[in-house]
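# A structural walkthrough
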Amino acid sequence: MVLGKLGSSLHQAVQKLLRSSVVDEKSVKELVQDLQRALLQADVNVHLVMDLTKRIEQRALKDKIAPGISRREYVVKVVYEELTDILGQKVVPLKVQPNQSNIYLVVGIQGSGKTTNIVKLAKLLKKEGHTVGVVAADTFRAGAYDQLKQLADRAEVPCFGDPKEKDSIKVAKKGVKHYQDQKTKIILVDTAGRHKEETGLIREMKQIAKALNPTEIILVVDGTLGQQASSQAEAFNAATPIGSIIVTKLDGSARGGGALSAVAATGAPIKYIGTGEKVNDIEKFEPTKFVGQLLGMADFESLLKKVQDAEAMPDKELAKALLSGKFTLKDMMAQMEAMGNVGSIGKILSMLGLGYKVPDEMKEVATENLEKWKVILKSMTEEELENPKLIKSSRTARIARGSGTQQKDVKDLLKQYQQSRKFIKTLRKRRGGLRIPGMEGMMGGQKPPRGGR
Ligand SMILES: Nc1nc2c(ncn2[C@@H]2O[C@H](COP(=O)(O)OP(=O)(O)OP(=O)(O)O)[C@@H](O)[C@H]2O)c(=O)[nH]1
Ligand SMILES: [Mg+2]
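Residues numbered from 1 in each chain as written. Chains lettered and ligands numbered in written order. Predicted model: local features only at pLDDT ≥ 70, side-chain atom pairs only at ≥ 80, totals over all residues. Heavy atoms only, no water.

Here we take up the site of ligand 1. In the vicinity of ligand 1 lie 20 residues, with Lys114, Thr115, Thr116, Asp251 and Glu277 positioned nearest. In this structure, an oxygen atom belonging to ligand 1 sits 3.4 Å away from a main-chain N or O atom of glycine 274. Look at ligand 1: alone it shows 650 Å² of surface, and the protein chains cover 82% of it. In this structure, ligand 1 is accommodated by the second largest pocket. (Near = heavy atom within 4 Å. Polar contact = N/O pair within 3.5 Å; in protein donor to acceptor, adjacent residues only side chain to side chain. Areas by Shrake-Rupley, 256 points an atom, 1.4 Å probe, with all protein chains shown as cover. 1 Å grid on protein atoms, 1.4 Å probe; cavity = no way out; pocket = protein on both sides within 12 Å on 5 of 7 lines; lining within 4 Å. Sits in = over half its atoms within 2 Å of the grid points.)

It is the contact of helix α8 (residues 198-212) with helix α9 (residues 229-239), at a shortest axis distance of 10 Å, that shows an interaxial angle of 35 degrees. In this structure, the crossing between α8 and α9 has a hand that is right-handed. Between α8, through Glu198, Leu201, Ile202, Met205 and Lys206, and α9, the contact on the second element is made entirely by Ser231, Gln232, Ala235, Phe236 and Ala239. Looking at side-chain class alone, the contact of α8 with α9 contains six nonpolar, two polar and two charged residues. (Axes fitted to C-alpha atoms, helices over the stretch in contact; angles between N-to-C directions. Helix = DSSP H or I, 4+ residues; strand = E, 2+ residues; numbered from the N terminus. Left-handed = near helix turned anticlockwise from the far one by under 90°. Contact = heavy atoms within 4.5 Å. Nonpolar A, V, L, I, M, F, W, Y, C, P; charged D, E, K, R; others polar.)

Let us now look at the packing of aromatic side chains. Scanning the model with the defined rule gives one aromatic pair in all. Aromatic pair phenylalanine 285 and phenylalanine 290: ring centres 5.3 Å apart, planes at 65 degrees, arrangement edge-to-face. Per residue, the accessibility class of phenylalanine 285 equals that of phenylalanine 290, and both read buried. (Phe/Tyr/Trp six-rings, centres within 6.5 Å; stacked < 30°, edge-to-face > 60°. Buried < 20%, exposed > 50% of the residue type's maximum accessible area, 1.4 Å probe, protein only.)

On to the pattern of salt bridges, then. Enumeration according to the criterion identifies 21 salt bridges in this entry. In this structure, the salt-bridge partner of lysine 284 is glutamate 128, at a minimum N-O distance of 3.3 Å. Separated by 156 residues along the polypeptide, lysine 284 in strand β8 (residues 282-284) and glutamate 128 in the loop between α5 (114-127) and β2 (132-136) bring together distant segments of the chain. With relative accessibility at 42%, the residue lysine 284 sits in the partly exposed group. (Salt bridge = Lys/Arg side-chain N within 4 Å of Asp/Glu carboxyl O.)

This next bit is on the side chain of lysine 120. Secondary-structure assignment places lysine 120 in helix α5. For the buried lysine 120, which has no salt bridge, the nearest side chain bearing the opposite charge is aspartate 281, at an N-O separation of 5.7 Å. Setting aside its immediate chain neighbours within four residues, lysine 120 contacts Gly274, Thr275, Gly276, Lys278, Val279, Asp281 and Ile282. (Lys, Arg positive; Asp, Glu negative; His and termini not counted.)

It is worth spelling out helix α6 (residues 144-154) at this point. Turning to α6, its buried residues number three or more, namely Ala144, Tyr145, Leu148, Leu151 and Ala152. The buried residues of α6 all sit within an arc of 140 degrees when viewed along its axis, so they share a single face. In this structure, the buried residues of α6 make contact with α5, β2, β3 (159-160) and β4 (186-190). Of the residues one or two after α6, glutamate 156 is the one with positive phi, at around 55 degrees. (Arc of directions from axis to C-beta.)

Following this line, the structure appears as C-alpha cells:
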C-alpha cells in the first residue's frame, strides 16, 4: 500500500472525529493534533503542517455550513481539501506533441530509480496507445545497458543501445535518430546517475539536453528522502526547466508524504509516482484521487459528493421563480447561463424534496440542445422572453433566421419550455406549497399564487 502508515493514521484521525458525539472545539483540537502527528511522522515539513492544521481548525469551527449536511461531514471535506492542496491541486499531463517523435530525457541522482521507472513509464504509455522506445545512454555504469535491456525485454518495450560506445551523447543521438526514423512517438532516454552530488550531474544534464532538445526533461526523485527531496527538485529546476517529476519508492516509505508535499511545494510538476519494483508499479499522480485513497474511506466519495451537492446552492432567482409559479423563458435563459446546464433544475427540485423526478427524456433533450437554445433565446425580444405565448409562426421564422437555426429548433425549445412549466405546475399542485432550505425567510412562508401564467 502506498504511504500505508500515513494513510492509516489519517484515516483513524478522521474516523475518530466522525464517531465523536459533537464537533466542538475539543474534538477539532484533537483531530488537528492527530493530523499533526501523522504528517510530522511522515516527514512533512513542520511549517507546512502547522499552516495546514491551522486552516483546518479555523474552517472546521468557523465556516458557515450549507443546510443538509452536518459539521462532521463538512470537516472531513475540509481535511480532504487541505491535504489535496499541499500536494498540488492541478493534474498536469505529460507533454506529448502531436505528429512528431517526442524525446524525454530522464535524469536524477544515482539510484533514484531512473532505469526502472523509464521502463515502467514506457509500458504505461504503450498501454495508452503510443509507440515507445527506450535508449540506453548511461555509458558510465558497467551493466547499465544490460539492466535496461533486460527490463525492457520483459516489458516488451524496444530498447536501443551500444554497449561499446563510451560517449553518452553519441549513443543518445543515435538512439533518438533510430526511433525518429521509425516514427516512434515516445522516446525515453536513460542517463547516468554517476554523481551523488548534484552539480556535476546538472552540468551533464545541460550538455545532453542541448544535444537532444527534448520535449521534456523528466526528473526522477527518490521518495525515501522525505522532505529533502525538494532540494533536488529545486536545484535541477533552477538549472533547466523540469517538465515532469517522478517521485519513486513510495511503497513502504515512511517519509513519502514528506517527499511528495515538499516537491509539490516547489511548484514542480509531479506527474507520476513509483510504487514498487515491478514494471507495473507506476501511477499517474492525481492529488485528489491520491488523497481519497490515502484517507481510505469506502464511503468517502459519497460523503464528499453529498457535501459538494449541498454547497452548490441553486440560483436564488430561479428558485424564487419556481416558488412563485412564474417561470418564463427568461428564467430558463438566466438559469442556463448561470449554471451552464439545465440539469440544475433537477438540483433545485431535489432540494425542494422532489428530487430525481425530472423525467429523463426532458433532461436529455435539454442537455443535447443547450448551446443551440442559448443562441435562439438571444434572438428573442424582451417581450417574447417574458411572454412566450406571443411567439406564433411569423415570429418563429424571424427567430430562426436571426439565430441561424431551423424553425423546428425554435419550436423544440418552446415545447421544452412548456413541458418544464407544466411539470413544475404539477409538482406545485401535488405538494400544495414548496419550501427551499435556506430560503424560508426570503419567501416568508407565503402561499404559492394559483396557476402561474
Ligand atoms: N520499492 C521500490 N523500489 C524501486 C522503485 N523504483 C526503483 N526502485 C529500485 O531502486 C533501485 C535503483 O533503481 P534504478 O532504476 O536502477 O535507479 P537508477 O536511477 O537508474 O540508478 P543509477 O543508474 O545507478 O543512477 C532498484 O533496486 C529498483 O528496483 C519503486 O518505486 N519502489
Ligand atoms: Mg540507471
